[in-house]
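Residues per chain, in single letters:
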Amino acid sequence: MSAFDFDAVVVGAGAVGLACGRALSNRGLGVLVLEALDHIGQGVSSRNSEVIHGGLYYPTGSLKARFCVEGRRSLYDYLDSHKVDYRKCGKLVVATQPDEVTLIETLFQQATTNGVEGLQHLGGAQARALEPALNAHAAILSPESGIFASHDYMLSLQGEIEDAGGTVVVSTPFERAEPLPGGGFSITAGGESTTTVTARLLVTAPGLQAQAVAARIDGFPADHIPAGHFGKGVYFRLTGKAPFDRLIYPPPIAGALGTHYRKDLGGQAVFGPDLEYVATEDYSVDPARAEAFAGYIRRFWPGLPDAALTPDYAGIRPKLHGPGEPQPDFQLRGREDHGINGLVALFGIESPGLTSSLAIGEAVATRLEA
Ligand SMILES: Cc1cc2nc3c(=O)[nH]c(=O)nc-3n(C[C@H](O)[C@H](O)[C@H](O)COP(=O)(O)OP(=O)(O)OC[C@H]3O[C@@H](n4cnc5c(N)ncnc54)[C@H](O)[C@@H]3O)c2cc1C
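Scoring rules and cut-offs
- Residue indices follow the written sequence of each chain, beginning from 1 at its first position.
- Restriction of local features to residues with pLDDT of at least 70 applies here, the model being predicted, together with a cutoff of 80 or more for giving and counting side-chain atom pairs; totals for whole chains, interfaces and linings are based on all residues.
- Side-chain numbers here rest on the full set of heavy atoms in the structure, without hydrogens or water.
- Where helices and strands are cited, they refer to DSSP runs of H or I of at least four residues and of E of at least two residues respectively, numbered from the N terminus.
- In this setup the radius of gyration rests on C-alpha atoms only. A globule is expected at 2.2 Å times the number of residues raised to 0.38.
- Burial status follows relative accessibility: with a 1.4 Å probe on protein chains alone, a residue under 20% of its type maximum counts as buried, one over 50% as exposed, and anything between as partly exposed.
- When checking whether two residues touch, look at their non-hydrogen atoms; a contact exists if any pair is within 4.5 Å.
- Exposure was quantified through the Shrake-Rupley algorithm and a 1.4 Å probe, taking into account, for residues, occlusion by the shown protein chains and nothing else.
- Only four residue types enter the tally: Lys and Arg on the positive side, Asp and Glu on the negative side, with His and both chain ends excluded.
- Taken as the charge centre is NZ of Lys, CZ of Arg, CG of Asp or CD of Glu, depending on the residue.
- Here a polar contact means two N or O atoms within 3.5 Å. Within protein one must be a hydrogen donor candidate and the other an acceptor candidate, and residues neighboring in sequence count only if both atoms are side-chain atoms.
- Note: two strands are recorded as paired if DSSP finds a minimum of 2 bridges between them.
- When we say a residue is near a molecule or strand, we mean one of its heavy atoms is within 4 Å of it.
- All amino acids are sorted into three groups, where Ala, Val, Leu, Ile, Met, Phe, Trp, Tyr, Cys and Pro are nonpolar, Asp, Glu, Lys and Arg are charged, and the leftover types, Gly among them, are polar.
- Arc definition: directions from the helix axis to the C-beta atoms.

1. As for the overall build of the chain
Line of reasoning, step 1. Secondary structure assignment for the chain yields nine helices and 20 strands.
Line of reasoning, step 2. Relative to the globule expectation of 21 Å for 370 residues, the C-alpha radius of gyration of the chain, 21 Å, shows essentially globular dimensions.
Line of reasoning, step 3. When its C-alpha atoms are laid out on the principal axes, the chain stretches across 65 × 40 × 40 Å.
Line of reasoning, step 4. When burial is assessed residue by residue, the chain has 56% of its 370 residues classed as buried.
Line of reasoning, step 5. The long-range share in the chain, meaning contacts at least 24 apart out of those at least 6 apart in sequence, stands at 73%.
Line of reasoning, step 6. When the accessible surface of the chain is split by element, carbon and sulfur atoms take 51% of a total near 15,000 Å².
Line of reasoning, step 7. In the chain, 29 positive and 41 negative side-chain charges are present, and the distance between their average locations comes to 5 Å.

Here it is, written out as C-alpha cells:
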C-alpha cells in the first residue's frame, strides 16, 4: 500500500495533461488530474486548428521535431483504435510567387531530415491538378498531414484514465505544492472546498498558466521559470463552398506557421491563425482584420469572393519568445533543471503540442519512471 493518496497528480486537463495522465495510468500508476475549469479541454486545446502536423518545420534534433513525428504516428494509431474521427487530407505548402520557391525547398530538406514520410515536390501545374483553384509556382505535398476531432480525442483520453482507476476532477484548480522531506508532494487544490492530497509524482501541464503554476511550487527556483508570452491568433470562416480539400499553407512566417486554410470535419472552410502578441487572455476577433486576411489568402486563392469572411474564433499560444526573438523548443523541466525530485514541469507547449501530445505524455512518464 502506497504512503501517498495518489502515485501521480497532473495539473491541467488539456490534450497534453490528459496524455500525460494516460501514459502514467498505462504504467499502472494511480493518477489524479486536476482541472481548474468546469470541463476538460477548454484551454489552448479548444482553440486551435486541429491539424495533425507532419513535422516539417522544426529544427532537426529538437523536441518539437521528434515529438511531432512520433506523436503524429501514435495519434493516427490512437484515432483508429479508439474510433475518433479524423481525415488524413494531406497538405500543400505553397510558393505563391517565384521568390518563395527557395523557402519551400529549404523546408523540404528540413522535413526530409526530420523523417517526415512521403513528401513530394510539385510544380505549379501538378499542384493545380490536385487543387484547381490554387495559385502556386511550386508546392510540397505532405500526405501525412490531416485534421481530427480533438475534443473527442481528449474525452477518449479521460475515459482511459478513468477506466484504469484514475480520476479527472474539474472545477478544482491547483493552488500550491510543497515537496515532502522524504519525497513526494503535498498538493492543495481549491474549488468549492480546499483539499490537500499527497502524491509521489507531480506533472504540471497548465498551458497558458505554466509560469503561474510553477511559481506556486515551493522550492521551484524563480530563475528557472522561463518568461511567458501570449501569441494570439484569430480565425475567419468562409461563407460558401470550401475551395480546397487539402490543407493549404503558405511558407512559414517568423514565430508561426502562417495563416493557412483548412476544410474542417464538417466541410466548412476556415482561415487562420495570424499572430499578435497580447497582454491578457482576450479571445475577441476584430472583424476589421478580414481585409488583411483576404489580401493574404488571395496570394494562394485568387478566387476568394469579396465580403466572404466571417469572424470565427481566437486562440492564444503559450509562447516562450517575444516578437522577433528566436522560437525556443518545448520545455520539459525535470529534477536536473529545477532540483525537485519527482516533478516534471512543462512550458511553452504551443504548436505542434496537440499533434505531439501522446509523445509528450510518453516522454514525461518515462522520465518520471527513471
Ligand atoms: C491558434 C492556435 C493554433 C494551434 N494549432 C495547432 C494545430 O493545428 N496542431 C497542433 O498540433 N497544435 C496546435 N496548436 C497548439 C496546441 O493547441 C497546444 O500545444 C495544446 O493544445 C496545448 O495543450 P495543453 O494541454 O498543454 O494546454 P491546455 O489545453 O491549455 O490545457 C491546460 C489546462 O490546464 C488548466 N489549468 C490552468 N491552470 C490550472 C490550475 N491552476 N489548476 C488546474 N488546471 C489548470 C487549463 O484550464 C487548461 O484546461 C495551436 C495553438 C493555438 C493557440
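2. Quick word on the side chain of Asn 48
Line of reasoning, step 1. The residue Asn 48 is located in the loop between β2 (31–34) and β3 (51–52) in this model.
Line of reasoning, step 2. There is a polar contact of 3.1 Å between the side chain of Asn 48 and the backbone oxygen of Val 44.
Line of reasoning, step 3. Among residues more than four places away in sequence, those in contact with Asn 48 are Tyr 235, Arg 262, Tyr 313 and Leu 354.

3. Focus on the sheet that holds strand β4 (residues 86–87)
Line of reasoning, step 1. Read across the sheet, three strands follow the order β3-β8-β4 without closing on themselves; strand pairing throughout is antiparallel. A strand with exactly one partner marks an edge of an open sheet, and here the two such strands are β3 and β4.
Line of reasoning, step 2. Where β4 and strand β8 (residues 146–148) come together, two bridges link them in antiparallel fashion. What sits directly across from Arg 87, in β8, is Ile 147.

4. Describing the environment of Thr 188
Line of reasoning, step 1. In this structure, Thr 188 sits in strand β11 (residues 185–189).
Line of reasoning, step 2. When the C-alpha positions of Thr 188 and Thr 106 are compared, they lie 49 Å apart, and in sequence the two are 82 residues distant.
Line of reasoning, step 3. Excluding anything up to four places from it in sequence, Thr 188 contacts Pro 173, Phe 174, Glu 175, Arg 176, Thr 194, Thr 195 and Thr 196.
Line of reasoning, step 4. There is a polar contact of 3.3 Å between the side chain of Thr 188 and the side chain of Thr 196.

5. So, the pairing of strand β20 (residues 343–347)
Line of reasoning, step 1. By the criterion of burial, β20 is predominantly enclosed, with five of the five residues buried.
Line of reasoning, step 2. Here β20 shows a buried face lined by Leu 343, Ala 345 and Phe 347 and a second buried face lined by Val 344 and Leu 346.
Line of reasoning, step 3. Both strand β12 (residues 195–204) and β20 contribute to a ladder of three bridges, which runs parallel. Across the sheet, residue Val 203 finds its bridge partner in β20, namely Val 344.
Line of reasoning, step 4. As defined by bridge partners, strand β19 (residues 331–333) adjoins β20 across three bridges and the pair is classed as antiparallel. Of the residues in β20, the one forming a bridge with Arg 333 is Ala 345.

6. Quick notes on the pairing of strand β5 (residues 91–95)
Side chains on a regular strand alternate between the two faces of the sheet.
Line of reasoning, step 1. The element β5 is largely enclosed, with a buried count of five among its five residues.
Line of reasoning, step 2. Residues Lys 91, Val 93 and Ala 95 of β5 are buried on one face, and the alternating residues Leu 92 and Val 94, pointing to the opposite face, are buried as well.
Line of reasoning, step 3. Pairing of β5 with strand β7 (residues 138–142) involves five bridges; the strand directions are antiparallel. Counterpart to Val 94 in the pairing with β7 is Ala 139.

7. Thoughts on the site of the ligand
Line of reasoning, step 1. The full set close to the ligand counts 39 residues, and Glu 35, Val 44, Ser 45, Ile 349 and Thr 355 are the nearest of them.
Line of reasoning, step 2. Ser 45 is positioned such that a nitrogen or oxygen atom in its side chain is 2.5 Å from an oxygen atom of the ligand.
Line of reasoning, step 3. Between a nitrogen atom of the ligand and a main-chain N or O atom of Ser 49, the distance comes to 3.3 Å.
Line of reasoning, step 4. Here the ligand, which alone exposes 1,000 Å², has 96% of that area covered by the protein.
Line of reasoning, step 5. For the shell around the ligand, the elements supplying multiple residues, two or more each, are α1 (15–26), β18 (309–319) and α9 (353–369).
Line of reasoning, step 6. Among the residues making up the shell around the ligand, the classes are represented as 20 nonpolar, 14 polar and five charged.

8. Points about the side chain of Lys 263
Line of reasoning, step 1. Checked against the element boundaries, Lys 263 lands in strand β15 (residues 260–263).
Line of reasoning, step 2. Polar side-chain contacts of Lys 263 include one of 2.5 Å to the side chain of Asp 245.

9. What about helix α7 (residues 290–298)?
Line of reasoning, step 1. Inspection of α7 places Ala 290, Phe 293, Ala 294, Tyr 296 and Ile 297 among the buried residues, and these make up the whole buried set. Down the axis of α7, the smallest arc covering the buried residues is 165 degrees, so these residues share one side. α7 presents Glu 291 and Ala 292 as exposed residues on the side facing more than 90 degrees away from its buried surface.
Line of reasoning, step 2. Of the surrounding elements, those touching the buried residues of α7 are β13 (229–238), β16 (269–272) and β18.

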